[in-house]
Amino acid sequence: QKKMDIQEFVKCVEFAARKHKNQRRKDTEQTPYINHPIGVAYILSEEGAITDQKVLQVALLHDTVEDTDATIEEIAMLFGQDVAGLVQEVTDDKSLPKLERKRVQIEVAATTSPRAKLVKLADKLYNLRDLMRCTPLGWSEERVQDYFEWAAKVIRGLRGTNKRLEEELDMILKKRGVYE
Ligand code: NDP
Ligand code: ZN
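Residues numbered from 1 in each chain as written. Chains lettered and ligands numbered in written order. Predicted model: local features only at pLDDT ≥ 70, side-chain atom pairs only at ≥ 80, totals over all residues. Heavy atoms only, no water.

Caption draft 1: Region of interest: the overall build of the protein chain. Per the secondary structure count, the protein chain includes 10 helices and zero strands. If you list the helices and strands of the protein chain from N to C, you get α-α-α-α-α-α-α-α-α-α. The 180 residues of the protein chain split such that 48% are buried. Partitioning the contacts of the protein chain with sequence separation of at least 6, the portion at a separation of at least 24 is 70%. For the protein chain, the exposed area adds up to about 9,800 Å²; of that, 53% sits on carbon and sulfur atoms. Of note, the protein chain has its 30 positive side-chain charges centred 1 Å away from the centre of its 31 negative side-chain charges. (Helix = DSSP H or I, 4+ residues; strand = E, 2+ residues; numbered from the N terminus. Buried < 20%, exposed > 50% of the residue type's maximum accessible area, 1.4 Å probe, protein only. Contact = heavy atoms within 4.5 Å. Areas by Shrake-Rupley, 256 points an atom, 1.4 Å probe, with all protein chains shown as cover. Lys, Arg positive; Asp, Glu negative; His and termini not counted. Charge placed at Lys NZ, Arg CZ, Asp CG, Glu CD.)

Here you go:
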């Protein structure tokens, strides 16, 4: 087990917090967006028992390129090629229309690298729990259910990666009556 580089890790926390500073989650409380990447890293560490520092760093950074002005080049420069490559893997192609991106996520899930799969699993777990906790403003029950069904299809391609996370996801999907 390689030693944890705390300075590098804190640099990630600061970068993500700065990039997401003006964003809020879609819940009714408008939770600061940064709670999500921190929560995804926490799920990986606490529930997934992941100690791979780069995976935890990618969790912190996973939505910066998709949702802020951060670029892969910037992340490569600051955090190295490994981390940048993994962030790339968990970033949707923004040149595609939204519905198309959803379809691509289902399609490419199985071909994702094991470390990127971990981040994707924890991301889905966080988002599904968020939806169980509260329905975003303006979302119908049908839209929430559609999201669970779509997520289940993505998760299918991510399986065989982390037993604990997959069991937690299965429990939630079962509660919603979704089986994959
Ligand atoms: P979005 O993709 O717009 O929202 C879901 C995403 O928002 C999550 O993956 C998560 O991504 C982020 N997010 C932020 N806050 C929360 C929260 N509190 N709980 C859960 N997730 C949160 O929505 P959909 O995936 O449902 O829809 C995308 C497509 O579907 C669009 O094209 C839209 O037009 C269409 N649509 C579908 C409807 C339906 O009834 N099914 C109705 C209207 C539109 P992250 O991890 O990146 O933060
Ligand atoms: Zn996310």
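Caption draft 2: Geometry of helix H8 (residues 114-133). Given a rise of 1.5 Å per residue, 20 residues ought to cover 28 Å, and the 29 Å separating the end C-alpha atoms of H8 matches this to within 8%. Counting buried positions along H8 gives 15 out of 20 residues, so the element sits mostly inside the fold. (Expected span 1.5 Å × (residues − 1).)

Caption draft 3: Spotlight on the coordination of the zinc ion (ligand 2). Protein coordination at the zinc ion (ligand 2) comes from His36 (NE2), His62 (NE2), Asp63 (OD) and Asp123 (OD), with a distance range of 2.1 to 2.3 Å. Along the chain, the residues that donate to the zinc ion (ligand 2) are spaced as H-x25-H-D-x59-D. Placement of the pair is Asp63 in the loop between helix H3 (53-61) and helix H4 (64-67) and Asp123 in helix H8, with a sequence separation of 60 residues. For the pair formed by Asp63 and Asp123, the shared burial category is buried. (Donors = N, O, S within 2.8 Å, 3.2 Å for Na, K, Ca; no water.)

Caption draft 4: Broad picture of the site of ligand 1. Close to ligand 1 lie 18 residues, the nearest being Lys26, Tyr33, Lys98, Lys102 and Tyr147. At 2.7 Å, a side-chain N or O of Lys26 approaches an oxygen atom of ligand 1. Asp123 has a polar side-chain atom sitting 3.1 Å from an oxygen atom of ligand 1. When contributions to the shell around ligand 1 are tallied by element, the ones reaching two or more residues are helix H7 (98-108), H8 and helix H9 (141-158). When residues in the shell around ligand 1 are grouped by element, the largest group, four residues, is from H8. Among the residues making up the shell around ligand 1, the classes are represented as five nonpolar, two polar and 11 charged. (Near = heavy atom within 4 Å. Polar contact = N/O pair within 3.5 Å; in protein donor to acceptor, adjacent residues only side chain to side chain. Nonpolar A, V, L, I, M, F, W, Y, C, P; charged D, E, K, R; others polar.)

Caption draft 5: The nonpolar core, seen in detail. Counting residues in hydrophobic clusters, the biggest one holds 49 residues, and the most contacted among them are Leu44, Leu61, Ile75, Val87, Leu128 and Phe148. Elements with a minimum of two residues in this core: helix H1 (6-19), helix H2 (35-47), H3, helix H5 (72-79), helix H6 (81-89), H8, H9 and helix H10 (163-175). (Core = buried A, V, L, I, M, F, W, Y, C linked by side-chain atoms within 4.5 Å.)

Caption draft 6: Focus on the environment of Thr135. Here Thr135 shows up in the loop between H8 and H9. Under the relative-accessibility criterion, Thr135 is labelled partly exposed at 27%. Residues Thr135 and Asp5, spaced 130 residues apart in sequence, show a C-alpha to C-alpha distance of 38 Å. Other than its neighbours up to four places away in sequence, Thr135 contacts Thr28, Glu141 and Val144. There is a polar contact of 3.5 Å between the side chain of Thr135 and the side chain of Glu141.

Caption draft 7: The arrangement of the confidence of the model for the protein chain in detail. A residue-level look at the protein chain finds 99% of positions with pLDDT of 70 or above and a mean pLDDT of 97. Interface confidence for the predicted complex, given as ipTM, is 0.94, next to a pTM of 0.96. (pLDDT = per-residue confidence, 0-100.)

Caption draft 8: Looking closely at the side chain of His36. By secondary structure assignment, the location of His36 is in helix H2. Taking relative accessible area as the criterion, His36 reaches 0% and is therefore assigned buried. Beyond its immediate stretch of four places on either side in the chain, His36 contacts Arg25, His62, Asp63, Asp123, Tyr126 and Asn127.

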